[in-house]
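Spelled out from the first residue to the last, the chains are:
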Amino acid sequence: MSGATPAFNVLWLQSGGCGGCSMSLLCADTTDFHGQLRQAGINLLWHPSISLQSGRELVDMLQAIVDGQLRLDALCIEGALLRGPHGTGRFHMLAGTGIPMTHWVQQLAAQARHVVAVGSCAAWGGITAAGDNLTDACGLQYLDATPGGLLGAAFRSRSGLPVINIAGCPTHPSWVLDSLMALAANGFTEADLDTLGRPRFYADQLVHHGCTRNEYYEYKASAEKPSDLGCMMEHMGCKGTQVHADCNTRLWNGEGSCTRAGYACIACTEPGFQEPGHPFHETPKFAGIPIGLPTDMPKAWFVALASLSKSATPKRVKVNAVADHLVVKPVARKTTLK
Amino acid sequence: MPRLLVGPFNRVEGDLEVTLDVQQGRVASAHVNSTMYRGFEQILQDKQPHDALVFVPRICGICSVSQSVAAARALADLGSIEVPPNGQIVTNFILATENLADHLMHFYVFFMPDFTHASYARHAWHGEAVARFAPQTGSQTRAATAARQRWFTLLGTLAGKWPHTQCIEPGGSTRAVDAAERIRLLAKVREFRGFLESQLFAAPLEFISSLDSEAALLRWLAEDPLKGDLRMFLTLAQDTGLRHLGPGPGRYLSYGAYPQPGAGFAFAPGVWHAATQTLNAVDAQAIREDATHAWLSDSGGPRHPIQGITQPEPDKPAAYTWNKAPRLDGAVLETGAIARQLASAHPLVRELVGSYGGTVFTRVVARLLELARVVPLMEQWLMQLRPGEAFCVPAQLPSEGTGVGLSEAARGSLGHWMTVQGGRIASYQIVAPTTWNFSPRDAAGTPGALEQALVGAPVLEGETTPVAVQHIVRSFDPCMVCTVH
Ligand code: SF4
Ligand code: SF4
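Residues numbered from 1 in each chain as written. Chains lettered and ligands numbered in written order. Predicted model: local features only at pLDDT ≥ 70, side-chain atom pairs only at ≥ 80, totals over all residues. Heavy atoms only, no water.

Trainee: What's the story with the site of ligand 2 in this structure? I'm lost.
Mentor: In the vicinity of ligand 2, the contacting residues are Val207, Val243, Cys247, Cys258, Cys265, Ile266, Ala267, Cys268 and Thr269 of chain A together with Lys161 of chain B. The residues that come close to ligand 2 belong to more than one chain, namely chains A and B. Structurally, ligand 2 is housed in the largest cavity. (Near = heavy atom within 4 Å. 1 Å grid on protein atoms, 1.4 Å probe; cavity = no way out; pocket = protein on both sides within 12 Å on 5 of 7 lines; lining within 4 Å. Sits in = over half its atoms within 2 Å of the grid points.)

Trainee: What am I meant to see in the packing of aromatic side chains here?
Mentor: Each aromatic ring pair is described using two quantities: the centre-to-centre distance and the angle formed by the ring planes. Residue and element names in this part refer to chain B. All told, the structure shown has 27 aromatic pairs over all chains when counted by the stated rule. Between the aromatic rings of Phe111 and Phe233, the centroid separation amounts to 6.1 Å while the plane-to-plane angle is 65°, which identifies the pairing as edge-to-face. Residue Phe111 is located in helix 4 (residues 85-111), and its partner Phe233 is located in helix 10 (residues 229-240); the two are separated by 122 residues in the primary sequence. Here the two residues Phe111 and Phe233 agree in accessibility, since each one is buried. Counting every residue linked through ring pairs, the aromatic cluster contains Phe107, Tyr108, Phe111, Phe115, Tyr120, Trp125, Phe133, Phe195, Phe233, Tyr356 and Phe361. The ring of Phe361 carries Arg243 above its face, with NZ or CZ at 4.6 Å from the centroid. (Phe/Tyr/Trp six-rings, centres within 6.5 Å; stacked < 30°, edge-to-face > 60°. Helix = DSSP H or I, 4+ residues; strand = E, 2+ residues; numbered from the N terminus. Buried < 20%, exposed > 50% of the residue type's maximum accessible area, 1.4 Å probe, protein only. Lys NZ or Arg CZ within 6 Å of the ring centre and 35° of its normal.)

Trainee: Teacher, can you tell me more about empty space enclosed by the protein here?
Mentor: Where empty space is left becomes clear once a probe the size of a water molecule has been rolled over the atoms. If you walk through the whole model with that rule in mind, you get 12 cavities of 30 Å³ or more. If you go around the largest cavity, you meet 23 residues; those closest to its centre are Trp175, Cys247, Cys258 and Cys268 of chain A together with Lys161 of chain B. Of the residues belonging to the lining of the largest cavity, the class tally is 13 nonpolar, 8 polar and 2 charged. There is about 120 Å³ of room inside the second largest cavity. Lining of the second largest cavity is provided by Leu13, Gln14, Trp46, Pro48, Leu58, Leu94 and Met101 of chain A together with Pro8, Phe9, Asn10, Gly14 and Asp15 of chain B. Here the residues of the lining of the second largest cavity sort into 8 nonpolar, 3 polar and 1 charged. (Points joined across faces, edges and corners; volume = space filled by probe spheres on them. Nonpolar A, V, L, I, M, F, W, Y, C, P; charged D, E, K, R; others polar.)

Trainee: So what exactly am I meant to see when it comes to the side chain of Glu451 of chain B here?
Mentor: Residues and elements named next belong to chain B. Take Glu451: it is sitting in helix 15 (residues 449-454). Within the structure, the side chain of Glu451 is placed 2.7 Å from the side chain of Tyr320, a separation counted as a polar contact. A distance of 3.1 Å separates the side chain of Glu451 from the backbone nitrogen of Gly448, its partner in a polar contact. Residues in contact with Glu451, not counting those within four places in the same chain, are Ala30, His31, Val32, Tyr320, Ser439, Pro440 and Arg441. (Polar contact = N/O pair within 3.5 Å; in protein donor to acceptor, adjacent residues only side chain to side chain. Contact = heavy atoms within 4.5 Å.)

Trainee: Hey, could you run me through the site of ligand 1 in this one?
Mentor: Contacts to ligand 1 come from His208, Cys211, Arg213, Asn214, Tyr217, Cys231, Met232, Met233, Cys238, Gly240 and Thr241 of chain A. Here the shell around ligand 1 is built from residues that sort into 6 nonpolar, 4 polar and 1 charged.

Trainee: Quick question: what am I supposed to make of the interface of chain A and chain B here?
Mentor: Across the boundary between the two partners, chain A contributes 76 residues, which contact 78 residues of chain B. Summing both partners gives a buried area of about 6100 Å² for chain A against chain B, and 58% of it is carried by carbon and sulfur. The interface formed by chain A and chain B includes 4 salt bridges. One salt bridge connects Asp315 of chain B with Arg90 of chain A, and the closest N-O pair in it is separated by 3.0 Å. Counting every contact that joins chain A to chain B gives 31 residue pairs in polar contact (both at pLDDT 80 or more). Where the side of chain A that touches chain B is concerned, the elements lending two or more residues are helix 1 (20-25), helix 2 (33-39), strand 2 (42-46), helix 3 (56-66) and strand 5 (93-94) of chain A. Split into classes, the residues belonging to the side of chain A that touches chain B amount to 35 nonpolar, 30 polar and 11 charged. (Buried area = accessible area lost by both parts, 1.4 Å probe. Salt bridge = Lys/Arg side-chain N within 4 Å of Asp/Glu carboxyl O.)

Trainee: What is the right way to look at the sheet that holds strand 16 (residues 424-431) of chain B in this model?
Mentor: Whenever strands of a sheet pair, they do so through backbone hydrogen bonds, lying parallel or antiparallel. Residues and elements named next belong to chain B. A sheet is described by the order of its strands in space; here 3 strands give the open sequence 14-15-16, paired in antiparallel fashion. Edge positions in the open sheet fall to strand 14 (401-409) and strand 16, since each of these has one partner strand only. Pairs of neighbouring strands in the sheet enclose a mean axial angle of 15°, with direction left out of account. (Pairing = 2+ DSSP bridges. Axes fitted to C-alpha atoms, helices over the stretch in contact; angles between N-to-C directions.)

Trainee: Sorry if this is basic, but what is going on with the side chain of Lys47 of chain B here?
Mentor: Assignment of secondary structure puts Lys47 of chain B in the loop between helix 1 (40-44) and helix 2 (52-55). The class for Lys47 of chain B is buried, based on a relative accessible area of 11%. Within the local environment of Lys47 of chain B, its side chain forms a polar contact with the side chain of Glu275 of chain A, the two groups lying 2.7 Å apart. In this view, Lys47 of chain B contacts Gly131 and Glu275 of chain A together with Phe55, Arg424 and Ile425 of chain B; residues no more than four positions away in its chain are not counted.

Trainee: Sorry if this is basic, but what is going on with the nonpolar core here?
Mentor: Side chains of nonpolar character tend, in soluble globular proteins, to be buried together. Leu11 of chain A together with Leu20, Leu196, Phe201, Phe233 and Leu454 of chain B are the most contacted members of the largest nonpolar core, which totals 244 residues. Setting aside chain neighbours within four positions, we find Leu196 of chain B in contact with Leu104, Phe201, Ala202, Leu205, Leu371 and Val375 of chain B. The next biggest cluster of nonpolar side chains, apart from the first, holds 11 residues, and it includes Leu253, Leu333, Val431 and Trp436 of chain B. (Core = buried A, V, L, I, M, F, W, Y, C linked by side-chain atoms within 4.5 Å.)

Trainee: So what exactly am I meant to see when it comes to the pairing of strand 1 (residues 8-14) of chain A here?
Mentor: Each regular strand shows side chains that alternate between the opposite faces of the sheet. All names here are of chain A. Burial of strand 1 is extensive: 7 of the 7 residues sit out of reach of the surface. Of the two faces of strand 1, the one holding Phe8, Val10, Trp12 and Gln14 and the one holding Asn9, Leu11 and Leu13 are both buried throughout. Where strand 1 meets strand 2, 4 bridges bridge the pair, whose relative direction is parallel. What sits directly across from Phe8, in strand 2, is Ile42. Pairing geometry for strand 1 and strand 3 (residues 74-78), over 5 bridges, is parallel. Paired with Trp12 across the bridge in strand 3 is Cys76.

Trainee: I tried to follow a nonpolar patch on the surface on my own but got confused; where do I start?
Mentor: On the surface, Trp301, Leu305 and Leu308 of chain A cluster together into a nonpolar patch covering about 350 Å² of accessible area. Its location among the elements puts Trp301 of chain A in helix 9 (residues 299-311). (Patch = residues over 30% accessible without salt bridge, like charges linked within 9 Å, V, L, I, M, F, W, Y side chains within 5 Å. Areas by Shrake-Rupley, 256 points an atom, 1.4 Å probe, with all protein chains shown as cover.)

Written out as structure tokens, the structure is:
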């Protein structure tokens, strides 16, 4: 490898989260996870689940980065940053060091070429910031949709980019891999991020795109209980028409998505998803009309089209929408008409 | 007495620090600290009961489904909801998929890499261990990661994604399976069986489950001591004294795993007492959580979870962890695959524990045995599905009441206790497997299971993170984020 570009050094740390983004990542749709990283020139300096080094060996490595002796190309943080109690950060001390994780993250971020928030906790605070947010959890550069977070709204990493928010709960394995590979290839600019710092390659899509329930949606043939096949927007709390993510076209580990498994999109890529202000699996309505309408649709049009399409719903779609398997099958017709 | 502060402890789930007092090259006493607190029990207060299904899986990214199952059971208990057989089978299947993935991950990614450590370089098998189990590069580490990815496509289909699926409901599963799909799922289970039979066991699963004594195990080992990764482990274990390393408290708890439609469990519940070789019924009423040494309020003394409180007191003197100390009838218990295999009377595990106790060796053997025992069950469950019949019934939840959900996660017994008032969660308490295993001292000063297991562990000259301590800690496959939630 002499003369080749030096490896892209990635350090991965976890704070106030569940480790699920790492666990999901290891389900990436590839036959050789570690090979894929290596081929992209990515060198995982350390990761809490898969590295050999423990204790002192890691603390020495962190100190070498803080002291500028070891180059850090991407600092990946998974989990919210716990600033409590009373601003001390003691809700999460980095074991063996007696120092709050928030303090380590601030020092490491100052040295990193790129700072990456892996998952909605690191991006916005996420589920850890739910309720009264007793741990004073926040994301690296946001708390919900408000800029700030641990590092502050003005923070830019050494590359000049803000924190890259690979939001999702857990985030999708290939959103993470593709982002890291693009960064390693120097193929990532601020124009590739949406207004919330999320990579546009997935955030410029809607969950609704590619949903297998789209035919039911067209006819407003709606699921009424868990396991029904119909569209889950009208009664079951699905936010797929408003949520930025390509979950239904880039399936999880090549196989699934929330709506395909029969439950609603709860907007896990969006800031503040943890406190929707209504039960997750019920659609809030006003005068019988869902409050959260598709992003690009004027309300009057939605109401008019919904009543029209409901009156035109084929029996097959109407009946199947409230069953857990196809009750009425598509009619077999000759398709070779000239 | 010299003190050793060990951490960060990786290749476990979550954050862990261990303080060791060392005397003449051995651990004299240990204090176990879970260093991170998020407060799910506080977050859940005042939420809609059904919303627990969104919050609780996010307690843990590695045993997320087991949290969902416990919550769904607590809600079903609250609403007296009867899960239809299909829903029961799919729920068991999803939980089994997660549990077995955890066992696989534990062996290949969390546990075995310790044998690649330079401190073992003088052993004859070291080169082979590096070739197979080195993190990121070992042939078997990589093969197991790939097998795990394929295995989890089962949850892609049935659960949409993993972790943090919302497919498990109090009334069953949101994803019905039709007859054709069942064949595809079966093909994937068989693919995993293929990995286990060629790489891990180098033998049929049924043969591994039928090993009923240590003599039988050793005969099979002698045939080819490095063939397959289980035999490699057995060879290492003989050479490094894992048989006797890290004995736990000798009492084992299982709530019973995989309840079957109708009645009974695939693995029976019980509390196994190694000293007397007896199995007692589990009396969950006799559980108390003692917060004396936790940075949490202990007002009113040890409490049953249904009366439990969770209130941080970060400045509490004499506290050293965010974890409470659960006790059953005042006793320290160990939980996990070893407890399930003891309670369900597997002859090999009962004999090994009789000879050596719950040690690093017996814990790992029980976990691998479970891989061999559960995969065939999963194949049977798929065939028991009745396509066309209900997978889920809608849940009607009362606005007042209590619900208890008991389950078995990969790491052991998991319980959720919920009280609902005025249609809102008034109290939600969780006692996770590692809460048991990694509990601190109680009011009487009795150390928790790991704290006991670490006593006597060798600390070699110059070791800052003693490798024996690493083996013992990881043999429990701890899940720290679950522990303190
Ligand atoms: S279920 Fe959700 S994502 Fe699917 S069609 Fe309906 S609104 Fe769109
Ligand atoms: S479908 Fe919605 S809730 Fe599910 S992963 Fe995608 S964005 Fe998150």
